[in-house]
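# An overview of the molecular structure
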Amino acid sequence: MEYCVIGKEYIDYVSSRTNKQVKGYNLHLTFEKEKCEGLAVLNVFVSEEIGREININDQVELFYNQYGRVIKVITL
């Protein structure tokens, strides 16, 4: 599915559950959805390495691992 990046938010905190540093980006995306007037929205977290390469207005495709985490983003 194709998404449009409309926002990118840097995240940097220590997880209270694991006590580990978490760094990455929340990507704010829009996409066309069946039976939806206008556009639908999606927010996903990606690693710092992946998010660094993403720019506002990029058209992207997301790839997930078996745990539902985004592991790859391809710019179209």
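Check the entry above for the structure.
Presented here is an overview of the structure given in this document. (Residues numbered from 1 in each chain as written. Predicted model: local features only at pLDDT ≥ 70, side-chain atom pairs only at ≥ 80, totals over all residues. Heavy atoms only, no water.)

## Some remarks on the overall build of the chain
Helix and strand counts for the chain stand at one helix and five strands. Listing the helices and strands of the chain from first to last along the sequence gives β-β-β-α-β-β. Oriented by its inertia axes, the alpha-carbon framework of the chain measures out at about 40 × 25 × 20 Å. Classification of the 76 residues of the chain by burial places 33% in the buried group. Partitioning the intrachain contacts of the chain with sequence separation of at least 6 by distance along the chain shows that 35% fall at a separation of at least 24. Of the roughly 5600 Å² that the chain leaves accessible, carbon and sulfur atoms contribute 47%. Taking the average place of the 9 positive charges on the side chains of the chain and the average place of its 11 negative ones, the gap between the two points comes to 10 Å. (Helix = DSSP H or I, 4+ residues; strand = E, 2+ residues; numbered from the N terminus. Buried < 20%, exposed > 50% of the residue type's maximum accessible area, 1.4 Å probe, protein only. Contact = heavy atoms within 4.5 Å. Areas by Shrake-Rupley, 256 points an atom, 1.4 Å probe, with all protein chains shown as cover. Lys, Arg positive; Asp, Glu negative; His and termini not counted. Charge placed at Lys NZ, Arg CZ, Asp CG, Glu CD.)

## Some points on the environment of Q59
Among the structural elements, Q59 can be located in strand β4 (residues 59–64). We classify Q59 as partly exposed; its relative accessible area is 28%. Here the alpha-carbon distance between Q59 and V5, two residues 54 residues apart in the chain, equals 6.5 Å.

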